[in-house]
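# Observations on the three-dimensional arrangement
Here is what each chain is made of, one letter per residue.
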Amino acid sequence: MIDGEHYPPVVLDAMRSVEGSMGAVGVAAAFLGGTEKLKEGTDYGLPLVHGDDPVSAVARALSEHAVDVVVDLSDEPVIGYRERMRIASLSLAEGARYVGSDFELRPPKLRDVSTKPSLAVVGTGKRVGKTAVSGYLARLLAREGFDPGVVSMGRGGPPRPEVIEGHKLEVGSAYLLEALERGAHAASDYYETAALSRVTTVGCRRCGGGLAGEPFVSNVLEGAGIANDLRTGVTLFDGSGAAMPPVRVDARILVAGAHQDPEYVAGYLGAYRLMISDLLLLTMSEEPMAGEEKVRDLIERVREIRPDLPVVPTVFRPRPVGDVSGLRLAYVSTAPESVLNKLARHLETRYGCEVAAASGNLSDRRRLAADLDGMPPVDAYLTEIKAAAIDVITRRGAEEGRPVLYCDNDPVGEGLDGELLRLARGAVG
Ligand SMILES: Nc1ncnc2c1ncn2[C@@H]1O[C@H](COP(=O)(O)OP(=O)(O)OP(=O)(O)O)[C@@H](O)[C@H]1O
Ligand SMILES: O=C(O)[C@@H](COP(=O)(O)O)OP(=O)(O)O
């Protein structure tokens, strides 16, 4: 990446010096713009690639040349922070490193370990709905005869990958309390998916996540190997936070919250995630999380990066697993305070229960304790399987002799099933 803001002999010297120090051979120079010190007709010794703007110049260079590393010899005012993050996204998406004087970004290593058709559900942040979508996808594919297994990874996952045969076992409160007694984080995603979707899950752990989503440490590759040996037809990999399972897959579903800062979805290395995905689900696409205008604006931002990417706006609705009709319930969740009332009313009208109390503080044990202390007497607890669902809610239910029922979040969106099945069929095909 060079520009006309630098005097040509300075650029030429720098190109030689970088080639020498990196042991690299230049294949092309993307000319990003800048006129101040430009001398028309300068021979930079490499094919020059131009674009309408700095980002498109790099995009064109990457599409016209096989490149291992993009070296940034430009600077402001030709490119700024935003352009650099877009260029980083482009480089990484093409499998190239992006190197500047004081930084280096590497594409995440996505290992080719799955011997089965595979899909991944990845996200742009925590609690944007990856697990809800993975569970929904698993149930959809099970119904359609794909015979899926799920490999989950989480920041509370097991030291060695663990298999739960959700279709054979009753993963209910007794099972989860037993896991808790063994020292497990019994609300981890693989317990959640096995219990709510009744599919075979492989639980894995990860710690840390890079800008482009590579976990610092994880046992997902081992988990993927275990999934290869299961009697399943398709493997679904579920991400964690904005971190991606470090595996190559046939298709990738990106889950982003419509309520998120658009910069986190389409800017920074959100752009990279958009570039390597095959479908974008915009969850929480309703008031008060995100109104029509916000959703529209976000889709426009996404289109600037990936005009061809199918986008499905969705909303979540709670779905109890088991019969709650006629029960007076305490509903416990991680949903924001602003939507709790709406979710409670949905449970009442759709499932015939009474939600006598609701708390959205499942991931804050101190606040949760205060909420629980202030609740009126109920017949049963209805909780998501997340955060303190087992160590606090399920344990409390057992001590009080009150049943604890579990609740999933179903994504609802026009054309959702069709898009998911299209990807699954493509993967199998
Ligand atoms: N209608 C709604 N509006 C806003 N938030 C909702 C709504 N329904 C459910 N939620 C919340 O959305 C979140 C979805 O979480 P989900 O687990 O699926 O996401 P995730 O990205 O996989 O995170 P994690 O793995 O930590 O659970 C939950 O916090 C849930 O309570
Ligand atoms: O914190 C995480 O890593 C997972 C859940 O972790 P576990 O509870 O499954 O261990 O949540 P996510 O980031 O996917 O929203």
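Residues numbered from 1 in each chain as written. Chains lettered and ligands numbered in written order. Predicted model: local features only at pLDDT ≥ 70, side-chain atom pairs only at ≥ 80, totals over all residues. Heavy atoms only, no water.

Turning next to the site of ligand 2. The immediate surroundings of ligand 2 are formed by 14 residues, with K126, G156, D189, S240 and G241 found nearest. For ligand 2, whose free accessible area comes to 380 Å², the fraction covered by protein is 92%. The cavity that encloses ligand 2 is the largest pocket. (Near = heavy atom within 4 Å. Areas by Shrake-Rupley, 256 points an atom, 1.4 Å probe, with all protein chains shown as cover. 1 Å grid on protein atoms, 1.4 Å probe; cavity = no way out; pocket = protein on both sides within 12 Å on 5 of 7 lines; lining within 4 Å. Sits in = over half its atoms within 2 Å of the grid points.)

Next up on the list: the site of ligand 1. The local shell around ligand 1 holds 22 residues, among which K130, T131, T334, E384 and K386 are the closest. Within the contact set of ligand 1, an oxygen atom lies 2.9 Å away from a backbone nitrogen or oxygen of G129. D189 places a side-chain nitrogen or oxygen 3.0 Å from an oxygen atom of ligand 1. Bound to the protein, ligand 1 loses 96% of the 640 Å² it would expose on its own. Elements supplying a minimum of two residues to the shell around ligand 1: α4 (130-143), β15 (315-321) and α11 (337-351). With three residues, the top contributor of residues to the shell around ligand 1 is α4. For the shell around ligand 1, the residue count by class is nine nonpolar, five polar and eight charged. Formed jointly, the shell around ligand 1 draws a minimum of three residues from each of two domains, domain 2 (118-314 + 414-428) and domain 3 (318-409). (Polar contact = N/O pair within 3.5 Å; in protein donor to acceptor, adjacent residues only side chain to side chain. Helix = DSSP H or I, 4+ residues; strand = E, 2+ residues; numbered from the N terminus. Nonpolar A, V, L, I, M, F, W, Y, C, P; charged D, E, K, R; others polar. Domains from an automatic or database assignment.)

Once that is clear, we can look at the pairing of strand β4 (residues 97-100). Where strand β3 (residues 69-71) meets β4, three bridges bridge the pair, whose relative direction is parallel. What sits directly across from V70, in β4, is Y98. At this point the chain moves from β3, through helix α3 (residues 81-93), to the parallel β4, and the crossover so formed is right-handed. Two strands pair when backbone bridges link them, and β4 and strand β5 (residues 103-105) are joined in this way by three bridges, in the antiparallel orientation. (Pairing = 2+ DSSP bridges. Right-handed = clockwise from strand over helix to strand, strands pointing away.)

Quick look at a negative patch on the surface now. Together, E293, D297, E300 and E304 make up a region of like negative charge exposed at the surface. Following the sequence through the fold, D297 ends up in helix α10 (residues 292-305). (Patch = residues over 30% accessible without salt bridge, like charges linked within 9 Å, V, L, I, M, F, W, Y side chains within 5 Å. Salt bridge = Lys/Arg side-chain N within 4 Å of Asp/Glu carboxyl O. Lys, Arg positive; Asp, Glu negative; His and termini not counted. Charge placed at Lys NZ, Arg CZ, Asp CG, Glu CD.)

Looking now at the sheet that holds β5. Read from one edge of the open sheet, three strands run β3-β4-β5, paired in mixed fashion. With one partner strand each, in any of the chains shown, β3 and β5 form the two edges of the open sheet. For this sheet, the mean inter-axis angle between neighbouring strands, taken without regard to orientation, is 15 degrees. (Axes fitted to C-alpha atoms, helices over the stretch in contact; angles between N-to-C directions.)

Looking now at the sheet that holds strand β18 (residues 380-383). Reading across the sheet, the five strands line up as β15-β19-β18-β16-β17 and stay open at both edges, with mixed pairing between neighbours. Lying at the two open borders of the sheet, with one neighbouring strand each, are β15 and β17 (354-359). For this sheet, the mean angle separating the axes of adjacent strands, direction not counted, is 30 degrees. As defined by bridge partners, β15 adjoins strand β19 (residues 404-412) across seven bridges and the pair is classed as antiparallel. Counted as the bridge partner of P320 is C407 from β19. Here helix α6 (residues 189-197) sits on the sheet and contacts β15 and β19; the angle it forms with β19, its principal contact strand, is near 90 degrees. (Contact = heavy atoms within 4.5 Å.)

Residue E76 is joined to P77 through a cis peptide bond whose omega torsion reads 5 degrees. As for its position among the elements, P77 is in the loop between β3 and α3. With omega at 0 degrees, the peptide bond leading from E287 into P288 counts as cis. By secondary structure assignment, the location of P288 is in the loop between β13 (279-283) and α10. Within the chain, R198 stands out as a residue other than glycine whose phi angle is a positive 55 degrees.

With that out of the way, let us pick up the environment of V312. Relative to the assigned elements, V312 resides in strand β14 (residues 311-313). Distance from V312 to E414, taken between C-alpha atoms, is 7.1 Å for residues 102 residues apart in sequence. Apart from the residues lying within four places of it in its own chain, the contact partners of V312 are L279, L280, L281, L282, G413, E414, L416 and E419.

When two helices pack together, their arrangement is captured by the angle between the axes and the distance separating the axes. Running from N to C, α4 and helix α14 (residues 416-428) point in directions that differ by 70 degrees, and their axes come no closer than 11 Å. With respect to each other, α4 and α14 are oriented roughly perpendicular. Residues Y136, L137, L140 and L141 of α4 lie in contact with α14, whose contacting residues are L416, D417, L420, L421 and A424. When its residues are assigned to classes, the contact of α4 with α14 shows eight nonpolar, no polar and one charged. (Parallel < 35°, antiparallel > 145°, perpendicular 65-115°, else oblique.)

Remember that the coordinates give geometry; whether it matters functionally is a separate question.
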